[in-house]
Amino acid sequence: MLLRLLVVFALTLFEAHAETQGLFSDDVEEFERSTNQSLLWAPYRSNCYFGVRPRFINENPLMMGLMWFDASHAQGISSLRHFVEQNDRLEKYGYELYDPRIGGKEAIIDRENNLNLTIHFVKSKDGENWAVRVSGSPLDSSKLSASSLVVYLSQNGPGGRLESEHGKTSTEKRIELKGSAPELGDYEITIEDISGQHYKRGPALGPDIDGSKTSHMSLTVPGDQVWKARDIFQSLLTDSIQNIITSGIPMDALSIPSALMIRNIHNFPPGNFHFVQKTFDLAEPFEFDIIFNNKASRQPIGSSAEVSNLISWSTNELKARFDSKFDIKDSSLKQFAQETLANLLGGIGYFHGTQLVDRSTEFDEEQFNKIELRAPREEGPIQLFSSVPSRAFFPRGFYWDEGFHMLQVMEYDFDLVLEILQSWFLLIEDDSGWVGRELILGSEARSKVPEEFQVQNPNIANPPTLLLCFSEMLTRAQEFQDSIAGGAEESSITPSSTEELLKRPELLMSFAEKVYPKLLKHYEWWTGSQRGFTEEYSEVLQDGFHPNEAFRWVGRTFTHCLPSGLDDYPRAQPPDVAELHLDALSWAGIMSRSMKQIADVLNMADEVDKFSKIEQNIIENLDTIHWNADQKCYCDVTIDDDFDELRRFVCHEGYVTLLPFALKLVPRDSDKLQHYVELMGDTDKLFSDFGVLSLSKQDEYFETGEAYWRGPVWINMNYLLLDSLLYYFQGGGENQDTATAERARAVYSDLRKNLIANMHRVWSEKGYVYENYNQRTGNGSGVQHFTGWSALIVNIMGRLPVTL
Ligand SMILES: *[C@@H]1O[C@H](CO)[C@@H](O)[C@H](O)[C@H]1NC(C)=O
Ligand SMILES: *[C@@H]1O[C@H](CO)[C@@H](O)[C@H](O)[C@H]1NC(C)=O
Ligand SMILES: *[C@@H]1O[C@H](CO)[C@@H](O)[C@H](O)[C@H]1NC(C)=O
């Protein structure tokens, strides 16, 4: 079946390619241009509560950020918000609706600052211009707070400038800045009040120490320091207050908001960095706009009325797009899903900078102690377009997470996924084939990472989820092309405006051509560096054993196997260099399958043969090496000289043992499927009211140690399990016995229902999605506001069928 699809797809591509040779490159270029345009501007500074920057402008991008605090008391300044911090304990922050191509709405509930803040981001249809509407109101109007909002803007670089009409400072309700940069051309930024009362309850302390007026201060801040805007603001303000005190200007409680206005006390000459500060009396709501217009655009955003129109247009558009992709009737579930997806998309950032790599530290693989990476070198700069696991805690690219993020995004914007995969794939090194498992680019990104985790090393791999995702995309494209080639009048898939790639396979082909050499290198690096030592197994495993297709994770320690992504999941004790990891083999299978598919798209028959063979070997090795007939389960293995058979199975039922099933590597007609269904559905082991547990309740390591992957429910794995149940058993599971198929259907429906009910409950109570869910209570645990792979609940709610 699959092969037939592949052949049809290849033929379709071949024809498309031959017929449109002339138009081919034009088409690709047009697609790229519109992608570039629609994705140029967005709040791509994922680590900020709100910060805009352009994509692809690396050296001297226009940078914008928003900060706020309560200026009614002197300590307010220490609660100045800028970067997302879990310690800020905001009751809520995040997008309610969002799409980087369109814009969205972020809601912030900040009790400590008594502020209910709404931030709308919109763009002109040509993607060149954008506007931000900042609206605030008090959470408790009986408190006399004064909300101070600080916008900063910066345009550095040769040929870059950003200056105000009025020279050094301005105190108008409307501030106009004129800017210019080589990549952007000339542009204008206006910051304008719409409503609200500036602070007037106390007296001004001087002409430029006046809370009732907008403060505007311009100075020079080097490009690599712009991210420190918060520190700069605080230190300038401290200087100003000291000056007020030493000048003997009388102050009282009511004049504090004025004293907390930024001013140019050091007489810095104007530069390309601007602070604009507005302090509103929170007796009533306030609203102001920041509007960016490129002078060359024919669709300028001319007024605040137009911003209002764009807000209503984009709100409707975002809702309509969501509804066209996800089918969720219940209004509370729908809101949960919309926000969760919006926050995953809202985590998409654009990163540029150097990374720290240690290429010289030797790996002593016999030791199994933590290897300290003490010889980092700064390399790059490089760039990355990627989503993040959590804006507060992990605002950077993660190789292991990103494939899961994209499995979710794929259902919403197919084309966007390719753009992100491309960014990752282009970072694969031409000579080594390596790419870092965490991409921490530049000092802004590094400021959020403890030093011991900053350094990357080219011996360490991670599960290649990006290839899992790419494989899924190719399968999808094949199915679509097949439905057309098969002459089906009504294709079950109707491509939308964000599925150009489905409609025009030549685009996907051009992409495949571009990334194939990189992926091949990556494949060779991954399989080469993680290949297991198999000599000793050759003595005991003969029939059907393929010694080249056996793998283990390099870099495990006594207690952890960080490269596997399942950190503390139990492994062989004591560790041994000759152990073979079931999950490493399974992931190698996914890589091989994906390489086979992409080679097929490119009509490379020899490569298709080669990778099919490897994939087949891997599937056979699952049985030959890892199948434990007594326990009826695939397991890790290790070499034990005290053991008659030499090979010892290391069986810890849970995510590792489920992986061959979760990755669809078990043949559809395999009689082993029944054991999987049984294990997954066993309430004494893995099945719970909150999802499938990471480790069996009967395992000796269950809930021991830090209990990170030793019990809690993780959504990425549960999603794979549901998707696999669908793959194997939809319509009954042709080659399965009826009892197994029936059981599979029950496990599927119950699991889906339990996951949704529990995550929705926690979200309703706490307002957040979590990194994982407690195995006993279902309560959220780990990082809060983890709308990375936990966001796969949106597919579970809105894409996966209710029953098989
Ligand atoms: C899209 O942007 C990338 C990065 O700046 C650039 O290399 C490419 O040429 C652009 N494509 C088109 C068609 O403008
Ligand atoms: C915050 O303001 C928005 C918009 O005015 C409103 O819908 C929402 O209910 C407010 N939230 C709280 C907690 O007051
Ligand atoms: C789980 O959360 C609920 C409400 O959020 C709380 O009432 C309950 O005590 C929590 N359970 C545990 C064991 O922490």
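Along every chain, residues carry numbers that run from 1 in the direction the sequence is written. Starting at A for chains and at 1 for ligands, labels are handed out in the order in which the entities are written. pLDDT decides what is reported in this predicted model: residues at 70 or higher carry local features, side-chain atom pairs at 80 or more are listed and counted, and totals for whole chains, interfaces and linings draw on all residues regardless. The basis for every side-chain value is the complete set of heavy atoms in the structure, and neither hydrogens nor water enter the calculation.

Caption draft 1: Inspection of the site of ligand 2 at higher detail. Any residue with at least one heavy atom within 4 Å of a molecule or strand is counted as near it. If you check the shell around ligand 2, you find Ile-109, Asn-116 and Leu-139 and nothing else. Nitrogen and oxygen atoms within 3.5 Å of one another constitute a polar contact, given that in protein one can donate a hydrogen and the other can accept it, and given that sequence-neighbouring residues count only through two side-chain atoms. Between ligand 2 and the protein, one listed contact pairs an oxygen atom with a side-chain N or O atom of Asn-116 at 2.4 Å. Here the accessible surface of atoms and residues is derived via Shrake-Rupley with a 1.4 Å probe, and residues count as covered only by protein chains that are part of the display. For ligand 2, whose free accessible area comes to 360 Å², the fraction covered by protein is 34%.

Caption draft 2: Examining the sheet that holds strand E16 (residues 377–386) more closely. An order of E16-E15-E19 is seen for the three strands of this open sheet, with the pairing classed as mixed. What marks the edges here is a single partner per strand, and that holds for E16 and strand E19 (455–456). By this definition, two strands are paired if DSSP reports at least two bridges between them. To qualify as a helix, a DSSP run of H or I must reach at least 4 residues; to qualify as a strand, a run of E must reach at least 2; elements of each kind are numbered from the N terminus. In terms of strand pairing, strand E15 (residues 349–357) meets E19 through two bridges, oriented parallel. Following the sheet pairing, Leu-356 is matched in E19 by Val-455.

Caption draft 3: Representation of the nonpolar core in the model. Residues grouped as a nonpolar core are buried Ala, Val, Leu, Ile, Met, Phe, Trp, Tyr and Cys residues, joined through side-chain atoms within 4.5 Å. Three labels apply to residues, based on accessible area from a 1.4 Å probe with only protein chains included: buried if under 20% of the type maximum, exposed if over 50%, partly exposed otherwise in between. Ranked by internal contacts, the top residues of the largest apolar core, which has 197 residues, are Trp-130, Ile-189, Ile-290, Phe-470, Trp-526, Leu-725 and Phe-729. When residues of this core are assigned to their parent elements, the largest contribution, twelve residues, is made by helix H12 (residues 505–530). When residues of this core are assigned to domains, at least three fall in each of domain 2 (44–325) and domain 3 (349–386 + 396–487 + 506–632 + 643–651). Every residue pair with non-hydrogen atoms within 4.5 Å of one another is taken to be in contact. Leaving out residues up to four positions away in the same chain, Phe-470 has contacts with Leu-418, Leu-421, Phe-425, Phe-511, Leu-519, Ser-594 and Ile-598. Grouped together as the second largest cluster of nonpolar side chains are 21 residues, Ile-77, Leu-80, Met-217 and Leu-236 included. For each domain, the first and last residues come from an automatic or database assignment.

Caption draft 4: Spotlight on empty space enclosed by the protein. Cavity: a set of points on a 1 Å grid over the protein atoms alone where a 1.4 Å probe fits but cannot get out. Pocket: an open set with protein on both sides within 12 Å along at least five of seven lines, its lining residues, like those of a cavity, having an atom within 4 Å of a point. Grid points are joined across faces, edges and corners, and a volume is the space filled by probe spheres set on the points. Scanning all chains against the criterion turns up nine cavities of 30 Å³ or more. Each pocket or cavity is described by its volume, and for the largest cavity that value is around 130 Å³. Lining the largest cavity are 15 residues, with Glu-365, Phe-368, Val-554, Gly-555 and Arg-556 positioned closest to its centre. Three categories are distinguished: nonpolar for Ala, Val, Leu, Ile, Met, Phe, Trp, Tyr, Cys and Pro, charged for Asp, Glu, Lys and Arg, and polar for the others, with Gly belonging to the last. Broken down by class, the residue content of the lining of the largest cavity amounts to six nonpolar, three polar and six charged. If you add up the space inside the second largest cavity, you get close to 100 Å³.

Caption draft 5: Fine view of the site of ligand 1. Near ligand 1, the surroundings consist of Glu-29, Glu-32, Arg-33, Asn-36 and Phe-56. The separation between a nitrogen atom of ligand 1 and a polar side-chain atom of Glu-32 is 2.8 Å. Taking Asn-36, its side chain carries an N or O atom lying 2.4 Å from an oxygen atom of ligand 1. Relative to its free-state accessible area of 360 Å², ligand 1 is covered by the protein chains to the extent of 51%. Of the residues in the shell around ligand 1, the class split is one nonpolar, one polar and three charged.

Caption draft 6: The pattern of salt bridges, seen in detail. By definition here, a salt bridge exists when the distance from a side-chain nitrogen of Lys or Arg to a carboxyl oxygen of Asp or Glu is within 4 Å. For the coordinates displayed, the defined rule picks out 55 salt bridges. Between Asp-281 and Arg-201 there is a salt bridge, with its nearest N and O atoms 3.0 Å apart. Taken together, the residues span a long stretch of sequence, with Asp-281 in strand E13 (residues 273–281) and Arg-201 in the loop between strand E11 (185–195) and strand E12 (215–219) at a distance of 80 residues. We note a salt bridge from Glu-579 to Arg-556, for which the minimum N-O separation is 2.5 Å. With a gap of 23 residues between them, Glu-579 in the loop between helix H13 (535–540) and helix H14 (582–601) and Arg-556 in the loop between H13 and H14 connect regions that are remote in the sequence. In this pair, the class of Glu-579 matches that of Arg-556, namely buried. What emerges from the salt-bridge pattern is a single network uniting Asp-27, Glu-500, Lys-503 and Arg-504.

Caption draft 7: Quick look at the domain arrangement of the chain. Its domain assignment divides the chain into domain 1 (2–35), domain 2 (44–325) and domain 3 (349–386 + 396–487 + 506–632 + 643–651). A separation of 28 Å is found between the C-alpha centroids of domain 1 and domain 3.

Caption draft 8: Focus on the packing of aromatic side chains. Note on aromatic contacts: the rings of Phe and Tyr and the six-membered ring of Trp form a pair at centre separations within 6.5 Å, being stacked when their planes are under 30 degrees apart, edge-to-face when over 60 apart, and tilted otherwise. If you walk through the whole model with that rule in mind, you get 50 aromatic pairs. Aromatic pair Tyr-49 and Tyr-93: ring centres 5.5 Å apart, planes at 85°, arrangement edge-to-face. On the criterion of sequence distance, the pair formed by Tyr-49 in the loop between strand E1 (41–42) and strand E2 (51–54) and Tyr-93 in strand E4 (residues 92–99) is long-range, its members being 44 residues apart. Note on Tyr-49: relative accessible area 0%, which makes it buried.

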